[in-house]
Every structure is written in structure tokens, then in C-alpha cells.
Amino acid sequence: MESRPKKMIRLKGTNNFDDRLSGMPDHLIVHILSFMPTLDAVKTMLLRRFGNLWTLVPALWFDFDLYDRICLPDDEEVTYYDVFTSFARFVRNVLLLHRSPTIDSFRLFIKPLEIRFEDRRIIHDIQMWLRFVTDRQVKDVDFCFDGFDKLALPHCIVTSQSLTRLTLFGCTLEHRPHVDFHMESLRELSLSDVKGSNEAFNQVISGCPNLREVKIDGADELSVLNITPPSVHKLCLNLQNLDHSFTLSCPNVKILEVAVSSRHESFMVDAVAVSSLQLVNVADLPYVDFSPFETFLRQIRNVDVFTLSRDAFQKLCWGKVKINFPRNRWKRMVLRPCMYDKKCLQRTLELLKSSVKLEELIIYSEFARCIDEYESPQLSTTICEMPRLKKVTILRSGGFSKFHLQLVELLLGNAVVLEKLVITPHQNPLTVVDEMHLIKQVSKFRRASANASVIFA
């Protein structure tokens, strides 16, 4: 007997053919469009439901590279100047049609450039766009102007009272002694590959009384930096190809991240007025003489937390020059060793010997081989007494080498008040066999503290 096909059951009050997009409120669609590049948001006008909702988005995002790849044909006769002219026309039309009374975010990426922009009309266009968004009380501005060495920040930006975040790449800062730089609401300032004199940089920063975070990346001409606003609590410095002395004054900064890359013997980083620093992260070191690094360590010896990144640790291990680490008062130290040999262990022990106030040590173990695959460094198991070290954490992302095994032995045998040594996988947990082998090895080590416990998390 053939079974009859079941009837389609339709729930009362529902329509299987409803278009969920049509029922979505306008403000939600506008919110979704605000996360898209403006070029894509404009294209949605071809959909009946979207219409001109793109004109209400509070975020504008113009990417010249994206426009070049999508909107223009691959024609050898089209010059780069023609491409930019078309892009500028698109930006102008969008701004003319834009109807939102305020703009939360404005992003403009013009990178890379293949011609020299000698035409003043192009620079005038960009300055007009900036004036438009500042008139709309823009809060977040992100500019990438690679190749615009002649483009200086217009007056409307350096006097904006609505900006809370400003990111610049590749333009020029001009010192204007007769202009009052004042950005009352600015909280975050990021300057990458920005040209300008010491006076120009310091004028911009001093004109932001409520600034909280400053990032400077690749300012080759900068030699004196004064972070004067009392509200600044974090400073990130990436000094590339430094070939001269650099003086830093940041009397109110609490967090400092610094990276120095140099092959010049004449470079020097002099940190003055840094008594408020609480955390210092050294992200990179030069290849040359380490005497400037020793000087820098003496200047930050009173901070609470000291962090040495993987790249910096690698330069430290490669260097053949003896380093006299000054005695410090660091309470917490974070290390990211890059190699697991005798030189790496020696540098680690030198840092521990100079840190007599250390209470917590965190070590990131990356790309380590298993215990049986690595030659033991074979250093002395006595380094010095660590009177305050209470907690050690080793975060593994691979195997557990004999470097780590001997380091654990040194710490257990010399930390007299150690309470906890935690070995935990950051990534890629050990196999059961390797973990049991590790537990067996660690259980044989002498412990200077009767309360010390080893935890395998």
C-alpha cells in the first residue's frame, strides 16, 4: 500500500517567503553599513531595500588601493594621476551626498603612491575633506598618507574639540609658533613615519591636555621628546635606524614600550624624568654595542614590571659583549627566550641575579624541543639567593627542553620563599609520556623553600 505524501504544515501567522532584510529597521541597516568600506556601502543603493541609507552611515572609510583594483579598468593608457582624480571625484560626491549630522569615524588610506603629488589641487582636496569631517564633529580619524611629504595637518585638525583618537601615517608636522594647538578631547595619538622637527612633535603633544596614550613609530628626525600632559599613562616608541642620541622625558607616563633598531655606533637613548614608570616593555634592541642598553636599564631600575620580548632577547643572546646588568627593584619580570642554549640560560641568570626584589617571574617557552632532544647547557646549579621570589610561571607552547629543566632546577634550589612554580601549556600540551617524564625529573630537584609546590596545569 502506497503511503500518501504528507501535507505541508504551515504555521499560523508566519510567511515562509518573508524577506527578513525587508523587515529590518533602518537604523540597524545603517549600523551594519558603517562597518563596510564606503565604496561597498554606496553599492548597496542598487538594492531597493537599502536605497540611500548609506548616506546616513556615521563611519566613512575610503581606501584608494581598493578603489583602484575594483572600479577602474586595467588599461595601460590610464595614468596614476587619472586614477587618483577619479578617486577624488568619488570622495567629493560621497561627502556632498552624506546626510548624517555627525561622523564617528573617518578613515582615508592612500598607499602606496607612484607619483609625486606636485599638483596643489590634490592637497587642497584632502584638506577640504578633513575640514568637512571636523565640521561634522568627527571623533576618530585614521589617515594613511604614504608619499605626502608636503601635506601638513590643517588648522581644523590641530584645533578640533571633538577628536578622541587620531592616527597619522606619512604626513608632515609643522611647528607653528603662532597657532594654538588645542585638541581638548583627544585621548589616543598615533604617529607612524611622520616627519617633523622636535618642536613640531612636542607642540602637537602638549596641545592635548587630556591625552592618555601616545604611539610614535619611525620618526627618524626626532631626537628630543617631551611628554608633558599629566594624563598620559602609556607611551609606545619604535625608533627605527636611530643614528643619533635620543632624549625622552615622560614624568607622568606609567607604561613604556620601547623598540630600538640601529646599526650605528653613535646612537643613545637617554631617559630622563621617568620616575613615574611602573611597567617597561623592551620590544627590540640594536645589534651594536650594548652599553646604551645598560644605561637605559639603570634609568628604569625602579619600575615594578620589566618585560623583554622575543626579538630583544634574541639580540641579547647574539651579542658577544659582556653586559653588566645593574641592580634593580623590579617586582615582576616577563621573559620570552628565543633560543634554548647555554648563552640564553646565562643571560636569564644574569637578569635574575640583578633583580634582588623580584617577586614573580613569567617565562614564555616557545618552539622548545622535548627533553631528550636537546643538549643540556650544564651550568652551575647555584646562582644566588632570591629572597623575595614567590611565584614562577612557565608558559609552554611546545616541548620542554633541558634549558627549561635546568632553569626549573636553579629556581627551586635558590628561591628561599618560593610558594608556587606553575608549568602550564600555552599551546600544544605535552603527551602523557612526556609529562610523566617531566614530573619525574622535577621531583628529584632540591627545594630551598619548604613551602614550594610544583603545579602542572
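All values derive from a computational prediction rather than experimental measurement. (Residues numbered from 1 in each chain as written. Predicted model: local features only at pLDDT ≥ 70, side-chain atom pairs only at ≥ 80, totals over all residues. Heavy atoms only, no water.)

What follows covers the pattern of salt bridges. The final tally for this structure, using the stated rule, is nine salt bridges. Across the pair Asp284 and Lys315 runs a salt bridge whose closest N-O atoms are separated by 2.8 Å. Linking Asp284 in strand S12 (residues 279-284) with Lys315 in helix H9 (residues 310-318), this pair joins segments that are 31 residues apart in sequence. Residue classification places Lys315 among the buried positions, given a relative accessible area of 9%. Here Glu360 and Arg332 are joined by a salt bridge, their closest N and O atoms 3.7 Å apart. Taken as a pair, Glu360 in strand S15 (residues 360-365) and Arg332 in strand S14 (residues 332-335) lie far apart in primary sequence, 28 residues in all. Under the relative-accessibility criterion, Arg332 is labelled partly exposed at 35%. (Salt bridge = Lys/Arg side-chain N within 4 Å of Asp/Glu carboxyl O. Helix = DSSP H or I, 4+ residues; strand = E, 2+ residues; numbered from the N terminus. Buried < 20%, exposed > 50% of the residue type's maximum accessible area, 1.4 Å probe, protein only.)

On to the environment of Phe50, then. Examined against the element boundaries, Phe50 turns out to sit in the loop between helix H2 (38-43) and strand S1 (59-63). Note on Phe50: relative accessible area 12%, which makes it buried. Put simply, Phe50 and Leu21 are 29 residues apart on the chain and 9.2 Å apart in space, counted from C-alpha to C-alpha.

This brings us to helix H7 (residues 198-206). Counted residue by residue, H7 has seven buried out of nine residues, so it is predominantly covered. Burial in H7 covers these residues: Asn198, Ala200, Phe201, Asn202, Gln203, Val204 and Ile205. Packed against the buried residues of H7 are strand S5 (188-192), strand S6 (213-217) and strand S7 (224-226). (Contact = heavy atoms within 4.5 Å.)

With that settled, consider the packing of helix H11 (residues 402-414) against helix H12 (residues 432-442). It is the contact of H11 with H12, at a shortest axis distance of 11 Å, that shows an interaxial angle of 35 degrees. Along this stretch, H11 crosses H12, giving a crossing that reads as right-handed. Contact with H11, carried on its side by Leu405, Val408 and Leu412, involves Leu438, Gln441 and Val442 of H12 and no other residues of that element. Within the contact of H11 with H12, the residues separate by chemical class into five nonpolar, one polar and no charged. (Axes fitted to C-alpha atoms, helices over the stretch in contact; angles between N-to-C directions. Left-handed = near helix turned anticlockwise from the far one by under 90°. Nonpolar A, V, L, I, M, F, W, Y, C, P; charged D, E, K, R; others polar.)

One finds Phe62, Phe106, Leu108, Val282, Leu308 and Leu361 to be the most contacted residues of the largest nonpolar core, which totals 131 residues. Ranked by the residues each element gives to this core, the list is headed by helix H4 (residues 80-97), at nine residues. Setting aside chain neighbours within four positions, we find Leu308 in contact with Asn281, Val282, Phe293, Phe313, Leu316, Val334, Leu335, Arg336 and Leu351. (Core = buried A, V, L, I, M, F, W, Y, C linked by side-chain atoms within 4.5 Å.)

Here we come to the packing of aromatic side chains. All chains considered together, the criterion is met by ten aromatic pairs. When the ring of Phe64 is compared with that of Phe87, the centres are 5.2 Å apart and the planes differ by 80 degrees; the resulting orientation is edge-to-face. One end of the pair, Phe64, is in helix H3 (residues 64-71); the other, Phe87, is in helix H4, and 23 residues separate them in sequence. Side by side, Phe64 and Phe87 carry an identical accessibility label, which is buried. Ring plane angle 10 degrees and centroid distance 4.1 Å describe the contact between Phe306 and Trp330, whose orientation is recorded as stacked. (Phe/Tyr/Trp six-rings, centres within 6.5 Å; stacked < 30°, edge-to-face > 60°.)

Strand order in the open sheet made by the three strands is S7-S9-S11, with parallel pairing throughout. Unpaired on one side and paired on the other, S7 and strand S11 (268-272) mark the two borders of the sheet. In this sheet, adjacent strand axes meet at a mean angle of 10 degrees when their direction is disregarded. With five bridges connecting them, strand S9 (residues 245-249) and S11 associate as parallel partners. Within the sheet, the bridge partner assigned to Ser249 lies in S11 and is Val272. (Pairing = 2+ DSSP bridges.)

This part is about a negative patch on the surface. Among the surface-exposed residues, Asp193, Asp220, Glu221 and Asp243 lie close enough to one another that they form a single negatively charged patch. Turning to its location among the elements, Asp193 is positioned in the loop between S5 and H7. (Patch = residues over 30% accessible without salt bridge, like charges linked within 9 Å, V, L, I, M, F, W, Y side chains within 5 Å. Areas by Shrake-Rupley, 256 points an atom, 1.4 Å probe, with all protein chains shown as cover. Lys, Arg positive; Asp, Glu negative; His and termini not counted. Charge placed at Lys NZ, Arg CZ, Asp CG, Glu CD.)

Okay, the side chain of Thr424 next. The residue Thr424 is located in strand S17 (residues 420-425) in this model. The exposure class assigned to Thr424 is buried, which follows from its relative accessible area of 16%. Dropping the residues within four chain positions of it, Thr424 is found in contact with Thr393, Ile394, Leu395, Arg396 and Ala457.

Here we come to the state of the cysteines. This structure, assessed with the given rule, holds zero disulfides. Cys317 carries a free sulfur, and the closest cysteine sulfur to it, the one in Cys344, is 4.1 Å from it. (Disulfide = S-S within 2.5 Å.)

The next thing to look at is the pairing of strand S13 (residues 305-308). By the alternation rule, side chains of S13 split into Val305 and Thr307 and Phe306 and Leu308, which are all buried. Summarising the sheet, S12 and S13 pair through four bridges and their orientation is parallel. Among the inter-strand pairings, Leu279 is bridged to a residue of S13, identified as Val305. Sheet topology places S13 next to S14; four bridges connect them, and they run parallel. Paired with Leu308 across the strands is Leu335, a residue of S14.

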